[in-house]
Amino acid sequence: MGTRSIILIKRNTTVTRFYKHYDGYPTENLNVLFNSFSDLRSLNKKLIEAGARIDDKFKTTEVLTDEVLGNQWDLEWIYVVDLKNKKIDVYGGGYFNCS
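Treat the numbers as computed from the prediction; the structure is a model and nothing was measured. (Residues numbered from 1 in each chain as written. Predicted model: local features only at pLDDT ≥ 70, side-chain atom pairs only at ≥ 80, totals over all residues. Heavy atoms only, no water.)

Student: What is the right way to look at the pairing of strand S4 (residues 77-82) in this model?
Tutor: On a regular strand, one side chain projects to one face of the sheet and the next to the other, so that they alternate. With 6 of 6 residues buried, S4 is to be regarded as a mostly interior element. Of the two faces of S4, both are covered, the one formed by Trp77, Tyr79 and Val81 as well as the one formed by Ile78, Val80 and Asp82. Relative to S4, strand S1 (residues 5-11) runs parallel, the two being bridged by 6 bridges. Looking across to S4, one finds that Lys10 is bridged to Asp82. Linking S4 to strand S5 (residues 87-92), which pair antiparallel, is a turn of 4 residues; within it Lys86 sits at a positive phi near 50°. (Buried < 20%, exposed > 50% of the residue type's maximum accessible area, 1.4 Å probe, protein only. Helix = DSSP H or I, 4+ residues; strand = E, 2+ residues; numbered from the N terminus. Pairing = 2+ DSSP bridges.)

Student: Before we go on, may I ask you to explain the side chain of Arg17 in this structure?
Tutor: Tracing the sequence through the fold places Arg17 in strand S2 (residues 14-20). Here Glu67 takes part through its backbone oxygen, which lies 3.1 Å from a polar atom of the side chain of Arg17. Once residues lying within four places of it in the same chain are set aside, the contact partners of Arg17 are Ile6, Ile7, Leu8, Arg53, Ile54, Asp55, Asp56, Phe58, Glu67, Val68, Leu69 and Gly70. (Polar contact = N/O pair within 3.5 Å; in protein donor to acceptor, adjacent residues only side chain to side chain. Contact = heavy atoms within 4.5 Å.)

Student: I tried to follow the confidence of the model for the chain on my own but got confused; where do I start?
Tutor: Segments scoring low in pLDDT should not have their predicted coordinates read at a detailed level. Taken over all residues, the pLDDT of the chain has a mean of 83, while the share at 70 or more is 91%. Mean pLDDT values over the elements of the chain span from 49, in strand S6 (residues 96-97), up to 92, in S4. Every residue in residues 95-99 scores below 50 in pLDDT, and together they form 17 contacts with partners more than four places removed in sequence or on other chains. (pLDDT = per-residue confidence, 0-100.)

Student: Would you mind going over the environment of Glu28 with me for this structure?
Tutor: Relative to the assigned elements, Glu28 resides in helix H1 (residues 26-35). The exposure class of Glu28 is partly exposed, given its relative accessible area of 33%. For the pair formed by Glu28 and Val80, sequence separation is 52 residues and the distance between their alpha carbons is 15 Å. Filtering out sequence-adjacent residues up to four positions away, Glu28 remains in contact with Lys20, Asp23 and Ala50.

Student: I tried to follow the environment of Tyr19 on my own but got confused; where do I start?
Tutor: Here Tyr19 lies in strand S2. Separated by 14 residues in sequence, Tyr19 and Leu33 place their C-alpha atoms 14 Å apart. Those residues in contact with Tyr19 that lie beyond four places of it in its chain are Arg4, Ser5, Ile6, Gly51, Ala52, Arg53, Asp55, Gln72 and Leu75. At 2.9 Å, the side chain of Tyr19 and the side chain of Arg4 are in polar contact. A polar side-chain atom of Tyr19 sits 2.6 Å from a polar atom in the side chain of His21.

Student: Where do I start with the nonpolar core in this structure?
Tutor: Most often, soluble globular proteins keep nonpolar side chains buried together rather than apart. Core analysis: the biggest nonpolar cluster contains 16 residues, and Ile7, Ile9, Leu33, Leu47, Tyr79, Val81 and Ile88 have the highest contact counts within it. When contributions to this core are tallied by element, the ones reaching two or more residues are S1, H1, helix H2 (40-49), S4 and S5. Beyond its immediate sequence surroundings of up to four residues, Ile9 is in contact with Thr14, Val15, Thr16, Phe18, Leu40, Leu43, Leu47, Val81 and Leu83. Listed in part, the 12 residues of the second largest apolar core include Leu8, Leu69, Leu75 and Tyr91. (Core = buried A, V, L, I, M, F, W, Y, C linked by side-chain atoms within 4.5 Å.)

Next comes the structure, spelled out in structure tokens:
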């Protein structure tokens, strides 16, 4: 079985959702996120190389909504990358903030 995760890249009022079916654990995803954090193009490329796919883009400031999460409430991990504030929030299984 895969360790499903969603990575939400928040930039101003745009949120890009990446979906990753396998290897969604923090040890895998945080490595990619931290190493590419300062360059959005590099971040997108590294996420795709790590097996994620771009799922959708939204004009919103609210990140943890049914629509933005793709109505997928059975995810193991959710990562919210806030480029403006240089912050990554990690939510596990029950969506408790782990950061």
